[in-house]
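Remarks on the overall topology
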Amino acid sequence: MAKTLLTTRTRVRRILDEFTEANWVETDLTTVINERYHRVYTAQCALHKDYNITVSAILNLVIGQQEYTTANGLPSDIFKIRRVEINLDSANSNSTNQRAFPLHNIDAVRDRLNNTTVGLMTYTHPNYYLLGGKLGFIPIPDKAGTYQVWYYPVLPDLVADGDPLNIVYPDRYYNIVAIGAAADALRFGQLESAEADKLDQK
């Protein structure tokens, strides 16, 4: 059975032993459910590396352009990149897609850029980086090419009662969302902080 906002909220009310609104209104419970939902999703992205991967369209590289944004077609809902493939010369039938490897900090990016003078470096593979919403490539493209991004998307909040939880094995793990949300609800106004702490330990 699919787990939705409604089934999760019902489970939260069961934990709180409040089946009709009294201390907690529906909007408050929806807020804490969404907060825990995003926390569980973030943890699952690290543990289940190939779940919920979204693949972008094939996007164009521009000669001499190093960085790309949503204005160039980069998806606006990227949470975390899993893989990037790049073809640095797509007009050449012998040129194939290569995996680009990530550079994780600005120091690595600057070091690579400082060594791009002809003759100083031979690239065994291209690199990419994501800084300030910009996806950049090293070496800087000198021919028309293409790239494609595999990524974890930013999930929208659950809003409608029928919105499904987009997590791994929701029939099991929705309960983690519900228990955490119930704990946060108990902390409203410091109602029952001790009980909230016990729920968080489950």
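Residues numbered from 1 in each chain as written. Predicted model: local features only at pLDDT ≥ 70, side-chain atom pairs only at ≥ 80, totals over all residues. Heavy atoms only, no water.

Moving on to the overall build of the protein. When helices and strands are counted, the protein shows 5 helices and 8 strands. Out of the 202 residues belonging to the protein, those deemed buried represent 38%. Taking contacts inside the protein between residues at least 6 apart in sequence as the whole, the part at least 24 apart equals 71%. Looking at the protein as shown, the accessible area adds up to about 11,400 Å², and 51% of this sits on carbon and sulfur atoms. (Helix = DSSP H or I, 4+ residues; strand = E, 2+ residues; numbered from the N terminus. Buried < 20%, exposed > 50% of the residue type's maximum accessible area, 1.4 Å probe, protein only. Contact = heavy atoms within 4.5 Å. Areas by Shrake-Rupley, 256 points an atom, 1.4 Å probe, with all protein chains shown as cover.)

Below, the discussion takes up the side chain of Thr7. For Thr7, the position within the fold is in helix H1 (residues 5–16). At 2.7 Å, the side chain of Thr7 and the backbone nitrogen of Thr4 are in polar contact. If we ignore the near neighbours within four places in the chain, the residues touching Thr7 are Met1, Ala2 and Tyr174. (Polar contact = N/O pair within 3.5 Å; in protein donor to acceptor, adjacent residues only side chain to side chain.)

This brings us to the side chain of Arg13. Tracing the sequence through the fold places Arg13 in helix H1. Within the structure, the side chain of Arg13 is placed 2.8 Å from the side chain of Glu26, a separation counted as a polar contact. Not counting residues within four places of it along the chain, the set of residues in contact with Arg13 comprises Glu18, Phe19, Thr20, Glu21, Trp24, Val25, Glu26 and Leu29.

Right, let's talk about the pairing of strand E4 (residues 78–87) for a bit. Bridge count for E4 against strand E8 (residues 145–153) is 8 bridges, and the pairing is antiparallel. Looking at the pairing, Lys80 lines up with Tyr152 of E8. (Pairing = 2+ DSSP bridges.)

In this section: the confidence of the model for the protein. Summary statistics for the protein give a mean pLDDT of 87 and a share of 85% for residues scoring 70 or more. In this model, residues 117–122 is a region of pLDDT below 50 whose contacts with residues beyond four sequence positions or in other chains number 3 contacts. (pLDDT = per-residue confidence, 0-100.)

Moving on, we get to the pairing of strand E7 (residues 134–138). Burial runs high along E7: 4 of the 5 residues are buried. Where strand E3 (residues 67–68) and E7 come together, 2 bridges link them in antiparallel fashion. By the bridge assignment for E7, Glu67 is matched with Gly136.

This next bit is on the nonpolar core. Core analysis: the largest hydrophobic core is formed by 23 residues, its most contacted members being Val12 and Leu16. Within the residue set of this core, elements represented by two or more residues are H1, helix H2 (26–47) and helix H4 (170–187). Membership of the second largest hydrophobic core comes to 15 residues, among which are Leu59, Ala100, Tyr128 and Phe137. (Core = buried A, V, L, I, M, F, W, Y, C linked by side-chain atoms within 4.5 Å.)

This part covers the packing of aromatic side chains. Enumeration over the complete set of coordinates arrives at 5 aromatic pairs. Within the aromatic cluster, the residues linked to one another by ring pairs are Tyr68, Phe137 and Tyr147. Lys3 extends its terminal NZ or CZ atom over the ring of Tyr174, reaching a point 5.1 Å from the ring centre. (Phe/Tyr/Trp six-rings, centres within 6.5 Å; stacked < 30°, edge-to-face > 60°. Lys NZ or Arg CZ within 6 Å of the ring centre and 35° of its normal.)

Inspection of the entire model under this criterion finds 11 salt bridges. For Lys134, the salt bridge is made with Glu67, and the minimal N-O distance between the two is 4.0 Å. Of this pair, Lys134 sits in strand E7 while Glu67 sits in strand E3, and the two are 67 residues apart along the sequence. Members of the salt-bridge network, linked through shared partners, are Arg9, Arg13, Glu18, Glu26 and Asp161. (Salt bridge = Lys/Arg side-chain N within 4 Å of Asp/Glu carboxyl O.)

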